[in-house]
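Listed below are the residues making up each chain.
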Amino acid sequence: MEKKIPRRLEGKVAIVTASTQGIGFGIIERLGLEGASVIVSSRKQANVEEAVEKLKSQGIDAYGIVCHVSNAQHRKNLVEKTVQKYGKIDIVVCNAAANPSTDPILSSKEVVLDKLWEINVKSSILLLQDVAPHLEKGSSVIFITSIAGFQPQGAMAMYGVTKTALLGLTKALAAEMGPDTRVNAVAPGFVPTHFASFITGNSEVREGIEEKTLLNRLGTTGDMAAAAAFLASEDASYITGETLVVAGGMPSRL
Ligand code: NAP
């Protein structure tokens with residue numbers, strides 16, 4: 001049976017970074033189907049245009065702006081163009097991340113460490129500095145962290161540590177941005193996207209992960225999108241500073 005999607009976000013304006021494919025696209029599509037006007041962005045113009053067309057074909061009010069999250073001018077432009085067009089911002093989902101290397105932490109090059117912190121943590125803070133003056137009362141910020149943030153290890157150890165930082169950032173900004181803005185996070189388990197293909201593309205590794213979940217499957221972009229839409233909606237109006245783990249029951253204690 002097809003799931004009925006509620007329309008909880010009518011009249012809202014939502015920015016999702018890195019939203020032209022994978023989890024980001026799943027989230028922006030869901031926010032749009034729930035009635036929000038959505039601003040799609042990523043590094044490549046062609047990807048932005050393609051995503052906007054896909055969203056529009058579903059009747060979603062979508063607008064595309066190129067934004068490499070570590071480019072200050074791109075972030076500024078993203079916020080300015082959104083405000084020029086819609087006059088406000090209600091929802092921001094910080095979804096962009098990089099995992100440039102699988103080296104152990106103690107052999108990671110400085111340039112890799114810098115990139116991880118810059119894309120996965122710092123750029124979200126800087127974007128929110130630009131966004132904050134335009135946020136409406138009742139607005140919502142959502143970070144996309146990871147199950148790897150709870151157990152940073154192996155090929156994703158340093159990446160995982162940057163995702164652990166987002167758990168703290170969620171708590172800190174919830175205190176700083178309340179009461180008008182709620183700040184929460186979604187921690188996805190393993191979802192077969194381009195980003196995770198080096199893990200989920202290997203059938204042995206994939207089966208190992210499936211076994212580690214209590215639901216015997218990988219996550220879907222739709223699973224993540226449903227969690228983000230809930231947190232963005234009035235249904236979560238008394239939830240702030242929390243991380244919703246969407247990982248099929250994989251262990252998630254620090
Ligand atoms: P994905 O399918 O590979 O999609 C990546 C998206 O990010 C693309 O739209 C890409 O478009 C854009 N992008 C890449 N670098 C960017 C940058 N510097 N600035 C702006 N946009 C950028 O990735 P995904 O798996 O959905 O990952 C999304 C988020 O989920 C990340 O935060 C990741 O850490 C998190 N996550 C994923 C998993 C998983 O298993 N997949 C698990 C836990 C957490 P362009 O190429 O056009 O820029």
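Along each chain, numbering runs from 1 in the same order as the chain's sequence is written. A pLDDT threshold of at least 70 governs which residues receive local features in this predicted model, and a stricter bar of 80 or more applies before side-chain atom pairs are shown or counted, although totals over entire chains, interfaces and linings include all residues. To get the side-chain values, all heavy atoms of the structure are used, and hydrogens and water are removed first.

Undergrad: How do you make sense of the overall build of the protein when you look at a structure like this?
TA: Elements are defined by DSSP. Helices are runs of H or I of four residues or more, strands are runs of E of two residues or more, and each kind is numbered from the N terminus. Secondary structure summary: the protein contains eight helices and seven strands in total. The C-alpha atoms of the protein give a radius of gyration of 17 Å, which matches the 18 Å a tight globule of 254 residues would have. Projected onto the principal axes, the alpha-carbon positions of the protein cover approximately 45 × 45 × 40 Å. Taking all 254 residues of the protein together, the buried fraction comes to 48%. Whether two residues touch is decided by their heavy atoms; if any such pair falls within 4.5 Å, the residues are in contact. Long-range contacts, defined as pairs at least 24 residues apart, comprise 71% of the intrachain contacts of the protein with a sequence gap of at least 6. Methods summary: accessible areas were calculated by the Shrake-Rupley approach with a probe of 1.4 Å, and residue burial reflects only the protein chains presented. Only carbon and sulfur atoms are counted for the fraction: they give 52% of the accessible area of the protein, which is about 12,300 Å². Taking the average place of the 26 positive charges on the side chains of the protein and the average place of its 26 negative ones, the gap between the two points comes to 1 Å. Just to be clear, the radius of gyration here is over C-alpha atoms, and the globule rule we use is 2.2 Å times residues to the power 0.38. Exposure classes here rest on a 1.4 Å probe applied to the protein chains alone. A residue is buried below 20% of its type maximum, exposed above 50%, and partly exposed in between. Residues counted as positive are Lys and Arg, residues counted as negative are Asp and Glu, and His and the chain ends are not counted. Charged side chains are reduced to one point each, which is NZ for Lys, CZ for Arg, CG for Asp and CD for Glu.

Undergrad: Can you help me understand the nonpolar core in this one?
TA: Burial of nonpolar side chains together is a common tendency in soluble globular proteins. Put simply, buried Ala, Val, Leu, Ile, Met, Phe, Trp, Tyr and Cys residues joined by side-chain atoms within 4.5 Å make one nonpolar core. Ranked by size, the top nonpolar core spans 32 residues in total, and within it Ile27, Leu31, Val38, Leu55, Val93, Ile142 and Val186 carry the most contacts. When residues of this core are traced back to their parent elements, those giving at least two are β1 (13-16), α1 (22-33), β2 (37-40), α2 (45-56), β4 (89-94), β5 (135-144) and α8 (221-232). In terms of residue count, α8 provides more of this core than any other element does, seven residues in total. Sequence-distant contacts of Leu31, that is, excluding residues within four places in its chain, are made with Leu9, Ala14, Val16, Ala36, Val38, Ile91, Val93, Ala229 and Ala232. Within the second largest apolar cluster, 26 residues are counted, among which are Cys67, Val121, Leu128 and Leu135.

Undergrad: Sorry if this is basic, but what is going on with the packing of α1 against α2 here?
TA: When two helices pack together, their arrangement is given by the angle between the helix axes and the distance between those axes. With axes taken as lines fitted to C-alpha atoms, and helix axes fitted only over the stretch in contact, angles between N-to-C directions fall between 0 and 180 degrees. In contact at an axis separation of 11 Å, α1 and α2 are set at 35 degrees when each is read in the N-to-C sense. Relative to α2, α1 is oriented so that their crossing is right-handed. In this structure, α1 uses Phe25, Ile28 and Glu29 to contact α2, whose residues at the interface are Ala51, Lys54 and Leu55. Across the contact of α1 with α2, the residue classes break down as four nonpolar, no polar and two charged. Two helices that cross are described as forming a left-handed crossing if the nearer one is turned anticlockwise from the farther one by less than a right angle, and a right-handed crossing if clockwise. Each residue gets one of three labels, nonpolar for Ala, Val, Leu, Ile, Met, Phe, Trp, Tyr, Cys and Pro, charged for Asp, Glu, Lys and Arg, and polar for the others, Gly among them.

Undergrad: I would appreciate a short explanation of the pattern of salt bridges in the present structure.
TA: Working definition: two side chains of opposite charge can pair if their charged atoms are close together. By salt bridge we mean one thing: a side-chain nitrogen of Lys or Arg within 4 Å of a carboxyl oxygen of Asp or Glu. Counted under the stated rule, the structure contains eleven salt bridges. A salt bridge links Arg206 to Glu210; the nearest nitrogen and oxygen atoms lie 3.8 Å apart. Of this pair, Arg206 and Glu210 are both found in helix α7 (residues 203-212), four residues apart, which corresponds to roughly one turn of the helix. Residue classification places Arg206 among the partly exposed residues on the basis of a relative accessible area of 27%. Notably, a salt bridge pairs Asp223 with Arg217, separated by 2.9 Å at the nearest N-O pair. Residue Arg217 is classed as partly exposed on the basis of its relative accessible area, which comes to 39%. Among the charged side chains, a salt-bridge network with shared partners connects Arg8, Arg30, Glu34 and Asp235.

Undergrad: Before we go on, may I ask you to explain α8 in this structure?
TA: Spacing of three or four residues puts side chains on the same side of an α-helix, whose turn is 3.6 residues. The span one expects for a helix is its residue count, reduced by one, times 1.5 Å. In a regular helix each residue adds 1.5 Å, so twelve residues correspond to 16 Å; α8 covers 16 Å between its end C-alpha atoms and thus fits that length. By the burial criterion, the buried members of α8 are Met224, Ala225, Ala227, Ala228, Ala229, Leu231 and Ala232. As for α8, its buried residues are in contact with α1, β4, β5, β6 (181-188) and β7 (243-246).

Undergrad: I keep staring at the pairing of β4 and nothing clicks. Help me out?
TA: The side chains of a regular strand alternate, first on one face of the sheet and then on the other. Most of β4 sits inside the fold, with six of its six residues counted as buried. As paired strands, β1 and β4 are joined by three bridges and run parallel to one another. Each bridged residue has a counterpart across the sheet, and for Val16 the counterpart in β4 is Val93. Pairing between two strands is assigned when DSSP locates at least 2 bridges connecting them. Two strands pair when backbone bridges link them, and β4 and β5 are joined in this way by five bridges, in the parallel orientation. Each bridged residue has a counterpart across the sheet, and for Ile89 the counterpart in β5 is Leu135. Remark: the β4/helix α4 (residues 110-131)/β5 crossover connection has right-handed handedness. Seen with its strands pointing away from the viewer, a crossover is right-handed if its path from the first strand over the helix to the second goes clockwise.

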